[in-house]
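Understanding the architecture of this molecule
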Amino acid sequence: MSVPEHLKWQESETVRNLLKKQNNLLGDSLEALDHLIYLQKSINLLSSEEISRVMAEKLPYILSVKYFSFFLFDKDRKKLRLMSHNHPDLQPDLSIYQNDSPIMKESMASGRYIFEQDFASSRYFRGRRNKLFNSDFFVSIPLMIENEIIGVLNLNDNDKGFYNVGDLDFALNVSEFVALSISNALLFETVERLSVTDGLTGLDNHQHMQSLLKNEVIRCQRYSSSLSIIMMDIDHFKNVNDTYGHQKGDDILLDFASTMKKFCRSNDVAARYGGEEFILVLPETKVKGAFYIAERIREEMESQIFNHKGKDFNVTVSCGIAEFDSNLTKNPADLIKVADQALYKAKHEGRNRTVIGSP
Amino acid sequence: MKKSLHSFRSINNLPSLPEQINSVLVATGSTSSMDYNIVEIIQYDPSMALSVLKVANSPVYGYSKKISSLQQAAGLLGPGAIKNIILRTPILERYLTNHKDAPPVDFCSLWLHCGITASLSGGLGRLIGGLESDVCFTAGLIHEAGVIALSAFYPQELAEAFETSKKEKISLLDAEKKVFGFSSSEVNKELMTAWNFPDSLLESDSGITSQTSKLGAVVALAKLLASEWDYPNCLHSHNEPSKESLLKSLKITADDLSEWEPELKRYALLAISCLKKGG
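Residues numbered from 1 in each chain as written. Chains lettered and ligands numbered in written order. Predicted model: local features only at pLDDT ≥ 70, side-chain atom pairs only at ≥ 80, totals over all residues.

Right, let's talk about the nonpolar core for a bit. Membership of the largest hydrophobic core comes to 124 residues, with the highest contact counts inside it found for Ala49, Val52, Leu120, Val218 and Leu221 of chain B. For Val218 of chain B, the residues in contact, after removing those within four places along its chain, are Ser121, Leu124, Gly125, Ile128, Leu131, Cys136 and Leu250 of chain B. Formed by 43 residues, the second largest nonpolar core is a distinct cluster that contains Val281, Ala294, Leu335 and Ile356 of chain A. (Core = buried A, V, L, I, M, F, W, Y, C linked by C-beta atoms within 7 Å. Buried ≥ 20, exposed ≤ 12 C-beta atoms within 10 Å, placed from the backbone. Contact = placed C-beta atoms within 7 Å.)

Attention now goes to the pairing of strand β8 (residues 269-274) of chain A. Residues and elements named next belong to chain A. Bridging between β8 and strand β9 (residues 277-283) involves 5 bridges; their strand directions are antiparallel. Bridge pairing in β9 links Arg272 to Phe278. Linking two consecutive strands that pair antiparallel, namely β8 and β9, is a turn of 2 residues; a positive phi of about 55 degrees is found at Gly275 within it. (Pairing = 2+ DSSP bridges. Helix = DSSP H or I, 4+ residues; strand = E, 2+ residues; numbered from the N terminus.)

With that settled, the discussion passes to unusual backbone geometry. Phi is positive for Asp157 of chain A, close to 65 degrees, though the residue is something other than glycine. Counting through the fold element by element, Asp157 of chain A comes out in the loop between β6 (148-156) and α4 (165-196). The class of Asp157 of chain A is buried, set by 20 C-beta atoms lying within 10 Å. Phi is positive for Asp230 of chain B, close to 75 degrees, though the residue is something other than glycine. Along the chain, the position of Asp230 of chain B falls in the loop between α12 (214-228) and α13 (243-250). You can call Asp230 of chain B exposed: it has 9 C-beta atoms within 10 Å.

Let us look at helix α8 (residues 155-168) of chain B. All names here are of chain B. Between its terminal C-alpha atoms α8 stretches 20 Å, which fits the 20 Å expected from 14 residues at 1.5 Å a residue. Along α8, the positions that sit buried rather than exposed are Leu158, Ala159, Ala161, Phe162 and Ser165. An end-on view of α8 places all buried positions within 155 degrees of arc, on one side of the element. With respect to the buried face of α8, the exposed residues turned more than 90 degrees away are Lys167 and Glu168. Looking at the buried residues of α8, the elements they touch are α7 (145-153) and α9 (172-180). One or two steps after α8, the chain reaches Lys169, where phi turns positive at roughly 55 degrees. (Expected span 1.5 Å × (residues − 1). Arc of directions from axis to C-beta.)

The next point concerns the confidence of the model for chain B. For chain B, the mean per-residue pLDDT works out to 86, and 89% of the residues sit at or above 70. Model confidence for the complex is summarised by a pTM of 0.75, with the ipTM given as 0.74. (pLDDT = per-residue confidence, 0-100.)

Residues and elements named next belong to chain A. Where helix α1 (residues 5-42) meets helix α2 (residues 48-62), the closest approach of the two axes is 11 Å, and the angle between their N-to-C directions is 170 degrees. Between α1 and α2, the crossing angle belongs to the class labelled roughly antiparallel. Facing His35, Leu39 and Ser42 of α1, the residues of α2 in contact are Val54, Lys58 and Ile62. Considered class by class, the residues forming the contact of α1 with α2 number 3 nonpolar, 2 polar and 1 charged. (Axes fitted to C-alpha atoms, helices over the stretch in contact; angles between N-to-C directions. Parallel < 35°, antiparallel > 145°, perpendicular 65-115°, else oblique. Nonpolar A, V, L, I, M, F, W, Y, C, P; charged D, E, K, R; others polar.)

With 10 residues of chain B at the interface, the matching set in chain A holds 11 residues. Class assignment of the residues belonging to the side of chain B that touches chain A gives a composition of 6 nonpolar, 3 polar and 1 charged.

Our focus in this paragraph is the packing of helix α5 (residues 107-128) of chain B against α12 of chain B. Residues and elements named next belong to chain B. Running from N to C, α5 and α12 point in directions that differ by 125 degrees, and their axes come no closer than 8 Å. Between α5 and α12, the angle falls in the class oblique. Judged by the twist between their axes, the crossing of α5 over α12 is right-handed. Between α5, through His113, Ile116, Thr117, Leu120, Ser121, Leu124, Gly125 and Ile128, and α12, the contact on the second element is made entirely by Val218, Val219, Leu221, Ala222, Lys223, Leu225 and Ala226. Across the contact of α5 with α12, the residue classes break down as 10 nonpolar, 4 polar and 1 charged. (Left-handed = near helix turned anticlockwise from the far one by under 90°.)

All names here are of chain A. Helix length check: helix α7 (residues 246-263) (18 residues) gives 26 Å between terminal C-alpha atoms against 26 Å at 1.5 Å per residue, within 8%. All buried positions along α7 are accounted for by Gly249, Ile252, Leu253, Phe256, Thr259 and Met260. Here the buried residues of α7 occupy an arc of 125 degrees about the axis, which is enough to place them on one side. Facing away from the buried surface of α7 by more than 90 degrees, the exposed residues are Gln247 and Lys262. Packing partners of the buried residues in α7 comprise β7 (227-234), α6 (237-244), β8, β9, α8 (287-303) and β10 (306-308).

Below you can see the structure in the form of structure tokens.
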């Protein structure tokens, strides 16, 4: 029995439509794969700032949304800090408590994405509609590395007016790549920072200071600009440790470091030279300016009252200053030597004073 | 029924001829990736070129509105991504569901016309000077994108426009405006805008009718030469500008053109041989 023509035609039409659908789905998958590969290449960076920039540029298009925001989670402070976004009006340094955003809080607490097709009628809605968004959906995806939450990715608004399961599935895949890259970059930045920082005081360490000072000396030789350094030493620090204990000694070092930072300008370098010795590198500063800064730090320390088991005591510092002289100073070691000699003189003359050295 | 020009913004890609897609798949499948230049394989296919340019100009790659040739796109995307784009190209169903409603477009001729116009535009760009040859090539290749889009997405309405054009003795562009409320030329521009194409390519399309840009005039002249050399688009769609006015706007003479003719014909033959391999 032969199949009627109209049935044959109907079946071929069905097959053709099916093939079209399959072709479209395969096409979408291929496109998603290309995007994923390219995004992975683009965010395979060691700078979180660069990753943020790439995310802001590429993520909305790749994830089929108009707006996104990515917050980093500070688990100690329970705060979310805005790291990357493409909202026109958000402050770049926005930081909020996790309690201020129920949807982000819950996505982090549960470790699962939250997808609300109509956010305004969800239990997370706090009564404030974002005027930017024309669509009602809200997606919040926690970014995790080995069960540790590192942040939250929020997705809002698109031309379609809704977010479908396929979009969400792809966004979840992308979020894993993003989490990995950001986590790598943050780890790298931490290690990099630690390698140039003094572990106790948070000031630059000796090695990093030497490298910065070397660059400053080269700059001075090339452009005949001015440069001064201040060497500082806490007076009778051994006695402080012996009398009040090393814990108190550390507190005083920390306090002194924060006093130094207080008087530092943006280009100045405050470093721990070693033990209770500190150094301030002051680019574009003549000896007169350096003397003024040294005296302010010395006076500030002198005026501070420390307390140990109900007993008040003071700590003073001595300072030695050296100014770069293109004729007499050949390298950083020459400059440090002059400052060190001036510091020795300050100690010798009775401590708690500032002495200007001469090459 | 009037359509919305805005609806074209959601189109992902345009279909190509089955023979072209097959030829590209055979070429990319039978040789190792080191043995072929992917741009050479797809360079005469307007739909594939449009898709590649669309992806290269998407915000993902960070070069929106900057990529105006396949060579630039290939450098940015790499052969793997381009192969995936080709795989995503839908097949143009020339003999549509309802045969009698299909627009009377000879797609093989249209593809040949686009390929030759591209070749000649590229050649003219090089010979005239002061223009980027590969950008001229691209502009020539994609100048009929609007017609391809209408054929693929609104075949019955396009067929109606053909009928209107014939009955009322008006140009196809005017008939399209009557049926759709806009012309294929506007569709072309809408697609290029939605796909973040560089402004130079957008201007080249308006130039075909109004000659506002040098690039547009080059494409218009190439189109005219393609028709003169028996490779018209078979659409009778445009009120073509005269050769004299094009030569004048490009500041070249008829003698220049005669002198360049053998070289331009070589370019055209190259396009024909490549496209005929596919068809």
